[in-house]
Structures are given as structure tokens and as C-alpha cells.
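Below, each chain spelled out in residue letters.
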Amino acid sequence: MINRYYYCIYLATFFFLLTPNRRVHVNSTFLVLVFFSMSLLFFTPSAQDRLLDMLKLFTYPLCYLMGTGIFIKKNNSSINLKKEEKNTSTIIYALSAGVMVHFLLNMITNWGLNNRHVIDFWTKEEMSATGQAVLACLMVGGPIAFLFSHVSRNVCC
């Protein structure tokens with residue numbers, strides 16, 4: 001199941017198209033993305049072997065199609081980007097807090113070990129040092145982005 005992300009994108013597109021009152025916005029940017037996907041299909045020999053390799057190339061236009069359908073209202077005006085940015089930041093901070101808790105639980109579980117192979121708190125299996133460092137990346141990146149972005153003390157919507 002390595003490198004099978006496009007299954008999720010096609011599944012999300014299927015549910016997106018089934019959602020009632022959802023508009024599909026086909027514009028010139030979408031058509032350019034389809035053109036680039038077709039170009040990749042014609043000029044990349046490795047993409048012509050299997051049907052799944054061909055489908056993988058069209059995930060980029062589908063992501064754009066879903067994004068414009070979500071972020072553009074019915075009257076073609078954009079939604080409140082400040083509110084959406086705040087909602088996205090909240091999701092990122094929640095995910096960051098989740099992996100931080102996982103990282104800290106692993107740290108407490110393996111306190112005093114002298115080797116690089118730690119035991120994962122949840123699975124009780126061996127985890128590499130690189131895997132443990134991956135857990136720390138999001139909790140380091142979130143606060144750094146917060147420090148270098150323009151923020152105010154107002155927490156109000």
C-alpha cells in the first residue's frame with residue numbers, strides 16, 4: 001500500500017460529487033491542470049504501463065476541483081479567508097498536540113534507554129529513532145510558524 005495516496009483522492013472526489021448542493025467549478029486553471037496531466041500521460045513511459053498509473057496523474061486536477069468546490073460560494077465570491085485560516089490553524093494545532101502527546105508518551109516509556117530503538121507506547125513494538133523524530137516534526141513546525149507569522153493577541157473570530 002505504499003504510494004497509493006490517489007485511492008484516497010478518488011474516494012474523496014466520489015463523496016464530494018455525491019454531496020448535495022456542492023458546485024463543481026470548471027475554469028481555465030482546471031483545464032490547464034487536465035492538459036498537464038494528459039501531457040504527463042503521453043510523454044511519461046512509466047505512466048503508460050497500468051491503468052492505476054494512468055489514474056494517478058489525474059489526482060492534481062481532482063484536488064483542484066474539490067478545493068474550488070469547497071472554497072468558492074455559489075455566487076462565485078470567496079468565503080471569509082481569515083475565518084478559514086483560523087479553522088485550518090486550529091486543525092493543525094490539534095494534530096500537532098496529538099503527535100506531541102504521542103512523542104511525550106514514548107519519551108516517558110523509554111526513559112533511561114541507551115539505544116536508538118525505542119518502544120512505541122501504543123503498539124508496544126520497536127520504533128526507529130527516525131520514526132520518533134517524525135513525531136516531533138509537527139510539534140516543532142507549528143510553533144515556529146506561529147512565531148514567524150503575523151498574529152495578534154485577539155482570539156476573537
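The present account deals with the structure reproduced in this document. All figures in this text were calculated on a predicted structure; none of them were measured in a lab.

1. Section: the overall build of the chain
Looking only at helices and strands, the chain has six helices and two strands in total. Each helix and strand of the chain, ordered N terminal to C terminal, gives the series α-α-α-α-α-β-β-α. When the 157 residues of the chain are sorted by exposure, 22% land in the buried category. Residue pairs in contact within the chain that sit at least 24 positions apart in sequence constitute 57% of those at least 6 positions apart. Accessible surface, the chain as shown: approximately 11900 Å² in total, 69% of it carbon and sulfur.

2. Some details on the environment of Arg22
Take Arg22: it is sitting in the loop between helix 1 (5–18) and helix 2 (28–43). Classification of Arg22 by relative accessible area gives partly exposed; the value is 35%. Taking the C-alpha atoms as reference points, Arg22 and Ile70, 48 residues apart in sequence, are found 7.8 Å from one another. Excluding its chain neighbours within four sequence positions, the residues that come into contact with Arg22 are Phe16, Gly69 and Ile70.

3. As for a nonpolar patch on the surface
Among the surface-exposed residues, Ile91, Ile92, Tyr93, Leu95, Leu138 and Phe146 lie close enough to one another that they form a single nonpolar patch of about 560 Å² accessible area. It is helix 5 (residues 81–109) that provides the largest number of residues to the nonpolar patch, a total of four residues. Position of Tyr93 relative to the elements: it lies in helix 5. Judged by its relative accessible area of 38%, Tyr93 falls in the partly exposed class.

4. Description of the side chain of Asp120
Position of Asp120 among the secondary structure elements: in the loop between strand 1 (118–119) and strand 2 (126–127). Of the side chains with opposite charge, Lys124 lies nearest to the buried Asp120, which makes no salt bridge, at 8.1 Å. Only 3.1 Å separates the side chain of Asp120 from the side chain of Asn106, close enough to count as a polar contact. When neighbours within four sequence positions are excluded, Asp120 is seen to be in contact with His102, Asn106, Glu125 and Met127.

5. Digging into unusual backbone geometry
You will see that Lys124, though not glycine, has its phi angle at about 60°, which is positive. You can see Lys124 is positioned in the loop between strand 1 and strand 2.

6. Looking at the packing of aromatic side chains
Remark: the centre distance and the inter-plane angle together describe each pair of aromatic rings, the angle taken between the planes. Taken as a whole and assessed by the stated rule, the structure comprises four aromatic pairs. Relative to Phe36, the ring of Phe35 has its centre 6.0 Å away and its plane inclined at 50°; by these criteria the two rings are tilted. Geometry around Phe121 places Lys124 over its ring, the cationic atom sitting 4.6 Å from the centre.

7. A look at the packing of helix 2 against helix 4 (residues 59–71)
One way to put it is that helix 2 packs onto helix 4 with a least axis distance of 8 Å and a crossing angle of 165°. Between helix 2 and helix 4, the crossing angle belongs to the class labelled roughly antiparallel. The handedness of the crossing between helix 2 and helix 4 is left-handed. Taking contact as the criterion, the partners of Thr29, Phe30, Leu33, Val34 and Ser37 in helix 2 are, on helix 4, Tyr60, Pro61, Tyr64 and Leu65. Of the residues belonging to the contact of helix 2 with helix 4, the class tally is seven nonpolar, two polar and no charged.

8. So, the pattern of salt bridges
One pass over the full model with this rule turns up one salt bridge. With a closest N to O distance of 3.5 Å, Asp53 and Arg50 form a salt bridge. A residue is classified by how much of its surface remains accessible, and Arg50, at 40% relative accessible area, is partly exposed.

Parameters at a glance
Residues numbered from 1 in each chain as written. Predicted model: local features only at pLDDT ≥ 70, side-chain atom pairs only at ≥ 80, totals over all residues. Heavy atoms only, no water. Helix = DSSP H or I, 4+ residues; strand = E, 2+ residues; numbered from the N terminus. Buried < 20%, exposed > 50% of the residue type's maximum accessible area, 1.4 Å probe, protein only. Contact = heavy atoms within 4.5 Å. Areas by Shrake-Rupley, 256 points an atom, 1.4 Å probe, with all protein chains shown as cover. Patch = residues over 30% accessible without salt bridge, like charges linked within 9 Å, V, L, I, M, F, W, Y side chains within 5 Å. Salt bridge = Lys/Arg side-chain N within 4 Å of Asp/Glu carboxyl O. Lys, Arg positive; Asp, Glu negative; His and termini not counted. Polar contact = N/O pair within 3.5 Å; in protein donor to acceptor, adjacent residues only side chain to side chain. Phe/Tyr/Trp six-rings, centres within 6.5 Å; stacked < 30°, edge-to-face > 60°. Lys NZ or Arg CZ within 6 Å of the ring centre and 35° of its normal. Axes fitted to C-alpha atoms, helices over the stretch in contact; angles between N-to-C directions. Parallel < 35°, antiparallel > 145°, perpendicular 65-115°, else oblique. Left-handed = near helix turned anticlockwise from the far one by under 90°. Nonpolar A, V, L, I, M, F, W, Y, C, P; charged D, E, K, R; others polar.

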